[in-house]
Amino acid sequence: MEALPAETRELDNVKEAPPHAIAERRHTLASRLVFLTLCVAVVMTTLAYGTVHYWALAVFSLGAAGVICLWSVDGLVLGSVQLSRNPLQWPLLGMIVLGLIQLLPFRAPDNAGLPLSPVRTLSLDPYSTRLVIVQVASLLVYFAATLIFTDTPRRLRTMVTTITIFGFLLAMFGMTQSFTSDGTRVYWIRQLTQSTAFGPFINRHHFAGYMELVLAVPLGLVFSGGVESYKRPLYAFAAGIMAIALFLTNSRGGMISLGAEILFLAVIAGPGFRRNRHLKPGARLRALLLRAGLASALLVAMVGATIFIGGADVFSRLLGTVNAADPTTGRAHFWSVTISVIDAYPIMGSGLGSFGVIYTRYDSRNGLYRLEKAHNDYLQTLADGGIVGGVLGLAFILILFIRGFRRRKTDDKFRRGVATGALAGCFAVLVHSFFDFTLHTTSNALLFLILAALATQDSRVDKLFRRRGPRRRRSLSHYAEVEPVAPAPPALAEAK
């Protein structure tokens, strides 16, 4: 007798199926280990200086290989490998393919005017391109694993709790270190010469970017009413401590991005358009004003607490008093050079990770300084990947927000709050990417992708669709977005 095929439905149509028709995937030991690895990776990639050194990247890649092995074991135990059809994976895969194409020997021997051995690859720095490919491939593995193994409301809460508690502890650690050192040492041990540290990060701007991501989760739950009323002050307090730590970094990009994040929450937080449209215009206006008032009060409280703890000079860089002659602190020149690189390599770019090599050729100054990043992720994406890379990046952003807003249309308040906070965190980092390169730090990129996964995750994590009967022992093949099991015909049911 042939098994009945599973019927794939989108979220908007899944409500047509009764709750008991949703198949529940069995969790194997390998599945639990994969989920544990994801939670540990959030913590360890951050503590390892943000995972920017070769040794840390090697450990990170080995962790991704371990996830693949455990994933395969899980598939062997269940009889089928679980895969996700989330389209956010395609731009990441496309970036890997772009890097591989850039490694092909399609260019005439050329050293690009630099004292280097001639290269025939499309990438002017093939070694860096290979390194970026490995990094993106590892991130894709963690991202895909999050989509598959964060598959129940309990696991969703565990991941959210891990991010929130770790973000709070990291903020406390960063503030303690800033008050007890001069900003030139990491962990009070490692001495820096050319950057200002904050917390475990060598660059304080990267710490600010990380805080934008972690504090968005509790803020999203508070603004959306996703947690019980007696827990909201605790979540708000945790978010406030993270925001104070962000302000203490004295990062202008971080402060601007935090303001954009709170504005984003004030505008979109709530039950969503479908449920909101049934309210009267006056009720909708009152709800919007209430969220705006909450956002304003929260921002004022954060600023006041920061001034009380760190002093009024915390905001000196935001007002431009540190370097009034060049408020961009050299970024305007970096961007102009990057535009010249884009103009020279418009289609496929100069190669992923090759910006540090090509920058000196187009630098209009004395050329004594080597710049590794463009301090603008959008311009550097176009410089490294050309129009192809820009299209892939734009596709990722569009899919993220279109799909994320669709996933907010749920009756599960906690799920809606998580999606709202995750989108707000991603939005804040995308704003910050206009001024810095926080997503080039592996820990920040990993957390960004995990939040993107939580924002676009299917309805398996919604409490509304949890099956209350005995646990089902059979898993689905190629577990996709939501695959409700079709009810068996009467004859087949009697046969069982």
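Residues numbered from 1 in each chain as written. Predicted model: local features only at pLDDT ≥ 70, side-chain atom pairs only at ≥ 80, totals over all residues. Heavy atoms only, no water.

### Comments concerning helix α15 (residues 413-432)
Condition: To qualify as a helix, a DSSP run of H or I must reach at least 4 residues; to qualify as a strand, a run of E must reach at least 2; elements of each kind are numbered from the N terminus. Here the expected span of a helix is defined as 1.5 Å times the quantity of residues minus one. Whether a residue is buried, partly exposed or exposed follows from its accessible area with a 1.4 Å probe, protein chains only, as a fraction of its type maximum: under 20%, in between, or over 50%, in that order. Think of a polar contact as two N or O atoms within 3.5 Å of one another; within protein, one of them needs to be a possible hydrogen donor and the other a possible acceptor, and neighboring residues in sequence only count if both atoms come from side chains.
The terminal C-alpha atoms of α15 lie 28 Å apart, and with 20 residues this matches the ideal 28 Å at 1.5 Å per residue to within 8%. Within α15, 18 of the 20 residues are buried, which leaves the element mostly enclosed by the surrounding structure. For α15, the capping residue at the N-terminal end is Asp-412, with a side-chain oxygen 3.2 Å from the backbone nitrogen of Phe-414.

### Structural notes on the environment of Tyr-210
The following threshold applies: In what follows, residue pairs with any heavy atoms lying within 4.5 Å of each other are defined as contacts.
Note on placement: Tyr-210 falls in helix α7 (residues 204-224). Taking relative accessible area as the criterion, Tyr-210 reaches 1% and is therefore assigned buried. A C-alpha to C-alpha distance of 8.0 Å links Tyr-210 and Leu-447, two positions 237 residues apart in sequence. Residues in contact with Tyr-210, not counting those within four places in the same chain, are Val-42, Thr-46, Phe-166, Leu-170, Phe-201, Ser-443, Asn-444 and Leu-447.

### Quick look at the pattern of salt bridges
Threshold: Each reported salt bridge corresponds to a side-chain nitrogen of Lys or Arg within 4 Å of a carboxyl oxygen of Asp or Glu.
Applying the stated rule across the entire model yields five salt bridges. Put simply, Arg-331 and Asp-436 hold a salt bridge, and the shortest N to O gap is 2.6 Å. Of this pair, Arg-331 sits in helix α12 (residues 331-344) while Asp-436 sits in the loop between α15 and α16 (442-456), and the two are 105 residues apart along the sequence. Each member of the pair, Arg-331 as well as Asp-436, carries the same accessibility label: buried. The shortest N-O distance in the salt bridge between Arg-415 and Asp-462 comes to 3.4 Å. Linking Arg-415 in helix α15 with Asp-462 in the loop between α16 and α17 (490-495), this pair joins segments that are 47 residues apart in sequence.

### Quick word on the packing of α15 against α16
To keep things clear, this is the line we draw: To obtain each axis, a line is fitted to C-alpha atoms, and for helices this fit is confined to the stretch in contact; angles are then taken between N-to-C directions over 0 to 180 degrees. Reported orientations rely on four angle classes, namely roughly parallel under 35 degrees, roughly antiparallel over 145, roughly perpendicular from 65 to 115, and oblique for the rest. Note on convention: near helix rotated counterclockwise from far helix by under a right angle means a left-handed crossing. Clockwise means right-handed. As a working rule, the residues Ala, Val, Leu, Ile, Met, Phe, Trp, Tyr, Cys and Pro are called nonpolar, Asp, Glu, Lys and Arg charged, and the rest polar, with Gly in that last group.
The contact between α15 and α16 brings their axes to 8 Å, and the two run at 140°. One element, α15, and the other, α16, form an angle in the oblique class. Of the two possible hands of crossing, α15 and α16 adopt the one that is left-handed. Here Arg-415, Val-418, Ala-419, Ala-422, Leu-423, Cys-426, Val-429 and Leu-430 of α15 come into contact with α16, specifically with Phe-448, Leu-451, Ala-452, Leu-454, Ala-455 and Thr-456. Taken together, the residues of the contact of α15 with α16 sort by class into 12 nonpolar, one polar and one charged.

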